[in-house]
Structure formats: C-alpha cells, structure tokens
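Inside the fold
These are the residues of each chain, in order.
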Amino acid sequence: MTHDRATRLLSFAAVVSALFGLAMFATIALNQRAVFEMFLDLAILPLDGADRLETTAAQLLTAISGGLLTGLGVMIWQVVRDVYARDPETGGRIILRGVLAWFVIDSAGSVLAGAAFNVVMNSGFLALFLVPLLLARQARMHPV
C-alpha cells in the first residue's frame, strides 16, 4: 500500500471514529436513543431489547464516551495530517499505541461488563487503523 493511500485511509478511519462519537452524543442531545440502544443490544447479547439508555448514569456515560471517541478521532486526524504524512514511522507508532490502548481497555472492560460481542465490533474499528498502518509499513520495509 502506498503512503498516500495509507494516509487517506487513516484520515477516513479518524473521521469514522469522530462521527461515531458524535452520533453517540446526538442520541442523548436529540433524545433519539433507539439506534444506539440497538447497538447496545447487539453488544450485550442476546438480542432481546433489554439494553436501554433509560438512566441518567447511562446517558452520562454515553455522552462522555461519545466525547472521548470524537476527541480521539480528531486527534488521530491531526497526527495523520501533521506527523504521519511527513514521518510515517513516528506517526504510525503514535497512532498504533493509542489505538491499541483503546482496544485493549475497551475490549477488556466490555468482557468484564458482560458485553463480549463488543470485542468483535471493536475489532472492526481496530482494523480501520491497523490495515493501512501495517500494509504501508510492509511496503516501506520491502519495496518492490
């Protein structure tokens, strides 16, 4: 994978993360919880409609999580554009460490909370970042 393509894909992944965080916030701000409640129901199997955002605590944690995910997406966007684009080794290391820290803590916490399927969903987000980082790194290490 070329460096330019990896940069574009990482920028896309950062935008997806930020938009997902904004969507989490919007469920609370607009009192439109149904979509996010379906996500929760999927994360906390079985699909039984029992997982709701009815308490103030659940809504607060959704807002906080949405803010953190939006901030992470914005921060990764800046690292991709200002660091990775010029120095892929340093930028890639920063992004990789941040994304892995998120993945490990989020996934371990999900399992402890009884939402093991969230690890599968987290893996999709992880792949958005890992695939371009690893493929571009491989291309740099082994040019054709």
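In terms of regular secondary structure, the chain is built from 5 helices and 0 strands. Counting from the amino terminus, the chain carries its helices and strands in the arrangement α-α-α-α-α. Structurally, the chain occupies a C-alpha span of about 55 × 25 × 20 Å along its principal axes. Looking at the 144 residues of the chain, the share that counts as buried comes to 33%. Taking as baseline every contact in the chain between residues at least 6 positions apart, the subset at least 24 positions apart corresponds to 66%. Per element, the accessible surface of the chain, about 8,500 Å² overall, is 70% carbon and sulfur. The positive charge centre, built from 10 side chains, and the negative charge centre, built from 10, are 13 Å apart in the chain.

With that settled, consider unusual backbone geometry. At the junction of L45 and P46, the peptide bond is cis and its omega measures out at 10° in the coordinates. Along the chain, P46 falls in the loop between α2 (34-43) and α3 (56-84).

To continue, consider the side chain of N118. Mapped onto the elements, N118 comes out in helix α5 (residues 117-141). Within the structure, the side chain of N118 is placed 2.8 Å from the side chain of S110, a separation counted as a polar contact. Excluding anything up to four places from it in sequence, N118 contacts F39, A43, D106 and S110.

The next thing to look at is α2. Taken as a whole, α2 has its buried residues at F36, E37, L40, D41 and A43. All buried residues of α2 lie within an arc of 160° about the axis, which places them on one face of the element. More than 90 degrees from the buried face of α2, the exposed residues found are V35 and M38. Its buried side turned inward, α2 meets α1 (3-29), α3 and α5.

Conventions adopted
- Residues numbered from 1 in each chain as written.
- Predicted model: local features only at pLDDT ≥ 70, side-chain atom pairs only at ≥ 80, totals over all residues.
- Heavy atoms only, no water.
- Helix = DSSP H or I, 4+ residues; strand = E, 2+ residues; numbered from the N terminus.
- Buried < 20%, exposed > 50% of the residue type's maximum accessible area, 1.4 Å probe, protein only.
- Contact = heavy atoms within 4.5 Å.
- Areas by Shrake-Rupley, 256 points an atom, 1.4 Å probe, with all protein chains shown as cover.
- Lys, Arg positive; Asp, Glu negative; His and termini not counted.
- Charge placed at Lys NZ, Arg CZ, Asp CG, Glu CD.
- Polar contact = N/O pair within 3.5 Å; in protein donor to acceptor, adjacent residues only side chain to side chain.
- Arc of directions from axis to C-beta.

These results come straight from atomic positions and should not be treated as a statement about function.
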